[in-house]
Amino acid sequence: MTENGAAPGLSAAEVAERVRDGRVNDIPTRSSRSVGEIVRANVFTFFNGLMGTLFLVVLVVGPLQDALFGFIVIANAAIGIVQELRAKHTLDSLAVVGESRPAVRRDGRTARVAQHEIVLGDLIELGPGDKAPVDGTVTEADSLEMDESLLTGEADPVVRRPGDAILSGSFVTSGGGAFTATRVGREAYAARLADEASRFTLVHSELRTGIGRILRYCVGIMIPAALGLILSQLLVERADVREAIRRMVAGIVVMVPEGLVLITSVAFAVGVVRLGRRQCLVQELPAIEGLARVDTVCLDKTGTLTEGGMDLAELHALGGTSEECARRVLGALGAADRRPNASLRAIADACPPPDGLRAADTLPFSSARKYSGAVLTGGDGAGTWLLGAPDVLLPEGHPQLVETERLNARGLRVLLLAASDRALDAPADARRHPPEPAALVVLEQRVRPEAAATLRYFADQDVAAKIVSGDNAVSVGAVAARLGVPGADHPVDARTLPEDDGGDGEAAVERATVLGRVTPEQKRALVHALRARGHTVAMTGDGVNDALALKDADIGVAMGSGSEATRAVAQIVLMDDDFTTLPSVVAEGRRVIGNIERVAGLFLTKTVYSVVMAVAVICTAVPYPFLPRHLTLLSALTIGIPAFFLALAPTTERARPRFVRRVLRIAVPFGLIAGVATFTVYLLARGHYAGRTDGALRAETSAATLTLFLITLWVVVIIARPLTWWRVLLVAAMGAAFLLVMAVPWLQRFFELRLAGWFLPWTAVGVAVAACVLLEVVVRVRRARADRNPE
């Protein structure tokens, strides 16, 4: 035992022995996929396997020019690997900074160690908000209450006494203590919880689910089309089987939207890197997407809109208590709590510990109780004291509540110091047994200077902001008014809200903008009510009382300096507590989703026109108009390169549901128009050049290629709108590159493209212009329908 009677914990020799024996908490914790997983995920895909097989077939039967698509697949995989490795490096570095370091007592001294350094038998200290990193048995308890909702789903805190078991993943809601580690590493009950809570994931994303559905549609269409194309080309090109195979491969390759998944991964990975530079840790990748869909954000006042620290502004002694006595009591209360919250730290800073007066018993602060207390002995001020919310400790209508309301209206936080004649652990009963008021403790909160601008951003983006706090509603309203929050002049006391699970309760929550006296359970219920009304909800917070609400919100955002419990359940952690990072996260999510929707239209247009061309070729029994090299050129200039730039462009449009439906409504008519127009020119060219023995097929292919290029380039123009300078430059560069191919002799020979005569090339241009006019008609009709029936 140490001098104060506390257990000293393991000695250095005992720790070293356990490390040698392997009795350590060796669960691998990481925030991202391993290098091997990243490589496998980008290389060993269904489409890479399909494209690789076709690549090998072309290498056997044709020249290298027709195998260019294989090198593009290699380049795509390399780009995906590099981008995700960059994201991994960013995430891993942030995760190391944000990783919690439990307090472990060894040789009688307390030190912070990494979680993997905990050994079997270690004595681990706990305070409010701390999460148990391993399983163990309680050794010391000071009103220790644990929340096991992350394990059992049960929200009510559980009182833990010496000898009781503690499970890893549970966290302290109030009180403190210490426990001895009995199961570490992979033997712990929730050994995987910490790993999974902070792992970089690529699942449960509406965007990725939608893309998966699109790919399944493509495979379903591609297989029968490919079989028909193989048979038709073998029948048409009986004299040249190699030519038939080359053209069959061209028809299959173009159906594969191979770059869509790559562009999505790259866009997400770039988003992670960008946010990482702003000290924002994205613990689950779809959180970027999720926050872009948010239409309601619930902001915890303390620690989010206001800075964590506070100052003691005023002290009003009441009744027969002198200010000197009140300061002595407050100093003793501050010294008695080993892990004071922000309010008690401000009090302790202003009121030093008095000589002689000390706490014989304590009741730690709980967000559910709204007060703390202690039994003091040893001098002036001895007795049972409570410190907490005046409107909780005093009955309704008490004279001191009038003064409290006046101070709250100035945005000040007011606590009541009161003497009690009841047992410390007896529930407060303001009506029957009100304590005797001794002093009003007035604290001044520091409003974050950047909060007002951030709230204006949310308002401009049609995101409703709700200020939610456990503090007095009037005080919260005053702070919100300083920040320009609409409705701040009508704050709502959460204790007056209807208790029904739906109807009036949900409607009241939706109407309210500023809510005070919200308990942790009510914060959770508030999130449920808003989600039940069809809202996508983000919840911010830093205290342990916010953990349940963060866990149940669509997106949980925790402050880096907040409790370990909130960081564990949040999808996004603001490592430097910079509230201004939130708009960046919203903007990044909107950039990803909006741009992926744009480029998905490009990829799906290609798939649709390729299917149209394949069906037309099968029905008319003519040679497929393109070789793989032609479609590689077209895909690069009208899909691959533009999609890469468009996917990384900024956008502020809020993400909307039904992603697949909107993409198909554009891609299907665009693809039909492009396919029909191109095949029409191809048939006209076959008739025009009929009878030629030299270069007829090349001339026919060239006319069809010109038509398809012009139409798909206009598709790029439509999808790239609004046309900023760099987008115009991008389109112009793609057009110039195609003209270069058509004009330079060695490129003509390489791609087997050469326009013959004047009539067919200009006919191709005319058909392409007519097709582009039809594209514009489709866009206008689609926009008019969207205006009448917004999704």
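These lines cover the structure that appears in this document, whether it is placed above or below. The structure presented is a predicted model; accordingly, all values stated were derived computationally and were not measured. (Residues numbered from 1 in each chain as written. Predicted model: local features only at pLDDT ≥ 70, side-chain atom pairs only at ≥ 80, totals over all residues. Heavy atoms only, no water.)

1. A word on the nonpolar core
Now for step 1: Ranked by size, the top nonpolar core spans 133 residues in total, and within it Leu 291, Ile 572 and Tyr 624 carry the most contacts.
Now for step 2: If one sorts the elements of this core by residue count, helix α21 (residues 581–620) sits on top with 17 residues.
Now for step 3: Apart from residues lying up to four places away in sequence, Leu 291 is in contact with Ala 538, Ile 555, Ile 572, Leu 582, Val 585 and Val 586. (Core = buried A, V, L, I, M, F, W, Y, C linked by side-chain atoms within 4.5 Å. Buried < 20%, exposed > 50% of the residue type's maximum accessible area, 1.4 Å probe, protein only. Helix = DSSP H or I, 4+ residues; strand = E, 2+ residues; numbered from the N terminus. Contact = heavy atoms within 4.5 Å.)

2. Overview of the side chain of Asp 391
Now for step 1: Looking at the element boundaries, Asp 391 is found in helix α13 (residues 390–393).
Now for step 2: Within polar-contact distance, the side chain of Asp 391 engages the side chain of Arg 517 at 2.8 Å.
Now for step 3: With residues near it in sequence (within four places) discarded, Asp 391 still touches Leu 401, Asn 472, Arg 495 and Arg 517. (Polar contact = N/O pair within 3.5 Å; in protein donor to acceptor, adjacent residues only side chain to side chain.)

3. So, the pairing of strand β3 (residues 123–126)
Now for step 1: Side-chain alternation along β3 places Leu 123 and Glu 125 on one buried face and Ile 124 and Leu 126 on a second face that is also buried.
Now for step 2: Where strand β1 (residues 103–106) meets β3, three bridges bridge the pair, whose relative direction is antiparallel. Paired with Arg 105 across the strands is Leu 123, a residue of β3.
Now for step 3: Relative to strand β7 (residues 171–183), β3 is paired through four bridges, and the arrangement is antiparallel. Looking at the pairing, Glu 125 lines up with Ala 178 of β7. (Pairing = 2+ DSSP bridges.)

4. A word on the packing of helix α11 (residues 323–336) against helix α12 (residues 342–350)
Now for step 1: Across the interface, α11 lies against α12 with an axial gap of 8 Å and an inter-helix angle of 125°. With respect to each other, α11 and α12 are oriented oblique. The chirality of how α11 crosses α12 is left-handed. Contacts between α11 and α12 involve Arg 327, Leu 330, Leu 333 and Gly 334 on the former and, on the latter, Leu 344, Ile 347, Ala 348 and Ala 350.
Now for step 2: Classifying every residue of the contact of α11 with α12 by side-chain character gives six nonpolar, one polar and one charged. (Axes fitted to C-alpha atoms, helices over the stretch in contact; angles between N-to-C directions. Parallel < 35°, antiparallel > 145°, perpendicular 65-115°, else oblique. Left-handed = near helix turned anticlockwise from the far one by under 90°. Nonpolar A, V, L, I, M, F, W, Y, C, P; charged D, E, K, R; others polar.)

5. Remarks on helix α16 (residues 473–482)
In an α-helix, one full turn covers 3.6 residues, which means residues spaced three or four apart are oriented alike.
Now for step 1: Within α16, seven of the ten residues are buried, which leaves it mostly tucked inside the rest of the structure.
Now for step 2: Within α16, the full set of buried residues consists of Ala 473, Ser 475, Val 476, Gly 477, Ala 478, Val 479 and Ala 480.
Now for step 3: Taken from the residues just after α16, Gly 484 is the one with a positive phi, measuring 75°.

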